[in-house]
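The lines below spell out each chain.
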Amino acid sequence: MKHLYALWTLLPLLCAGFGFFYSAWLFFRKGQALFAQLVVCALGCLWLRRLFSVVWLLVQGTLPEGFHVGYFGIFGSLMFLFSANYDQMDHLVDSGGKAFRLWRLTALAPPLLLAAAMVCIALAPCPAQERWMSLFALLPAIPASYYACKHLLLPDEAMWLLEAIRPYQLCALGLCAAQTLELAAACRELACLEAGATAVQSALCLLIPEVLKRGIKKWMC
Amino acid sequence: MTIKMLKLPPDGVKLFLNGRLDANSAPSAGEVFLKVAEEYAKITLDLGALEYISSAGLRSLLSLQKQVDRTGGDLTFSNIPPAVAEVFELTGFNAFLKIE
């Protein structure tokens, strides 16, 4: 049982590590898209968060509880996912006209769902420190999920730019949802849901570098 | 969007792009770009007065670059506004576009 517990803590670290180092090798080169480099930073934050948990487990014998820097890993990864899609990227694919109003409104669905999950965290019977730190860490999930969903849904006429990275946007949306679910499940002590959300994040960390590589390659075609 | 042309003999031309290069203006701008690429070997695009570029506009610039590469010509982008420079950086286009 103890070995299984250790393995379950180590697996997300390995997956996040693969995602971070492989994508850093792919995209941290001269002339690579800044968009991809921001995603690498998001994966880096996830890896650091998992690394902190494993080191804490090795030193203390339990997983970290209460206030700990791992929360900043979640906050950072969501902020980088948000930054990649925000501002210039968004202006590039949405000139702000009325034509896309329906898609903008539809893209509000995931952030609203995540906000509902955050209300569950706020009302959870867990220590106040854990509750408020979880809410702080998850705050950027709201804008990050909005832009990921918007860029996933926007129609693609001449906009090959979005068409190419739709699979990545789906992964980014999944990462926002899985991180929120993981913390909500931890606050509610739903171990199975927490493990499932962690497994989804690990799978997404493995997928994102390749999906992004293919998408950005299509930009140049 | 308006495009002004300044011929630079013997085989060069400078295009001044003014306004918004978006889904509405990109097709007509793309046609002008292709004609220019057929006629001139040295092309300079002055983007100083470009207010906005959308992904469609970006694609028309990419098409021009490919056309110029095929014909063995030379394409230079000059006077790039900060917002457009950020777009080039974000998408990685600055790596293969010749920027002055």
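Residues numbered from 1 in each chain as written. Chains lettered and ligands numbered in written order. Predicted model: local features only at pLDDT ≥ 70, side-chain atom pairs only at ≥ 80, totals over all residues. Heavy atoms only, no water.

1. Examining the interface of chain B and chain A
Of the residues lining the interface, 20 residues belong to chain B; the matching set on chain A comes to 20 residues. Across the interface of chain B and chain A, roughly 1,700 Å² is buried in total on both sides, 65% from carbon and sulfur atoms. Area buried by chain B at its contact with chain A is led by S55(B), R59(B) and L90(B), which between them contribute 35% of it. Where chain B meets chain A, there are zero salt bridges. Taken together, the links from chain B to chain A amount to seven residue pairs in polar contact (both at pLDDT 80 or more). Looking at the side of chain B that touches chain A, the elements with two or more residues in it are β3 (42-53), α2 (55-71) and α3 (82-91) of chain B. Tallied by class, residues from the side of chain B that touches chain A come to eleven nonpolar, four polar and five charged. (Contact = heavy atoms within 4.5 Å. Buried area = accessible area lost by both parts, 1.4 Å probe. Salt bridge = Lys/Arg side-chain N within 4 Å of Asp/Glu carboxyl O. Polar contact = N/O pair within 3.5 Å; in protein donor to acceptor, adjacent residues only side chain to side chain. Helix = DSSP H or I, 4+ residues; strand = E, 2+ residues; numbered from the N terminus. Nonpolar A, V, L, I, M, F, W, Y, C, P; charged D, E, K, R; others polar.)

2. Quick notes on the environment of P110(A)
Summarising the element assignment, P110(A) is placed in helix α6 (residues 109-122). Among all residues touching P110(A), those that are not within four sequence positions of it are S145(A), C149(A) and L173(A).

3. Section: the nonpolar core
Counting residues in each nonpolar core, the largest one holds 94 residues, and the members touching the most others are F35(A), Y168(A), W219(A) and L45(B). Per-element tally for this core: the top contributor is helix α9 (residues 160-188) of chain A, with 14 residues. In contact with F35(A), other than residues within four places in its own chain, are A84(A), N85(A), M89(A), I165(A), Y168(A), Q169(A), L212(A), I216(A), W219(A) and L90(B). (Core = buried A, V, L, I, M, F, W, Y, C linked by side-chain atoms within 4.5 Å. Buried < 20%, exposed > 50% of the residue type's maximum accessible area, 1.4 Å probe, protein only.)

4. Observations regarding the confidence of the model for chain B
Residues and elements named next belong to chain B. For chain B, per-residue confidence averages 93 on the pLDDT scale, and residues scoring 70 or more make up 100% of the total. By mean pLDDT, α2 is the weakest element of chain B at 92, and strand β4 (residues 74-78) is the strongest at 96. The complex prediction reports pTM at 0.92, with the ipTM value standing at 0.89. (pLDDT = per-residue confidence, 0-100.)

5. Thoughts on the pattern of salt bridges
All names here are of chain A. As enumerated under the stated definition, the model contains ten salt bridges over all chains in all. Of the charged contacts, one joins E182 and R50 as a salt bridge, the two residues approaching to 3.2 Å between their closest N and O atoms. Here R50 lies in helix α2 (residues 34-60) and E182 lies in helix α9, a separation of 132 residues in the sequence. Take E182 and R50: they sit in the same class, and that class is buried. With a shortest N-O distance of 3.8 Å, E163 and R166 are connected by a salt bridge. Within this pair, E163 and its partner R166 are both found in helix α9, separated by three residues, close to a single helical turn. For E163, a relative accessible area of 45% corresponds to the partly exposed category. Taking relative accessible area as the criterion, R166 reaches 15% and is therefore assigned buried.

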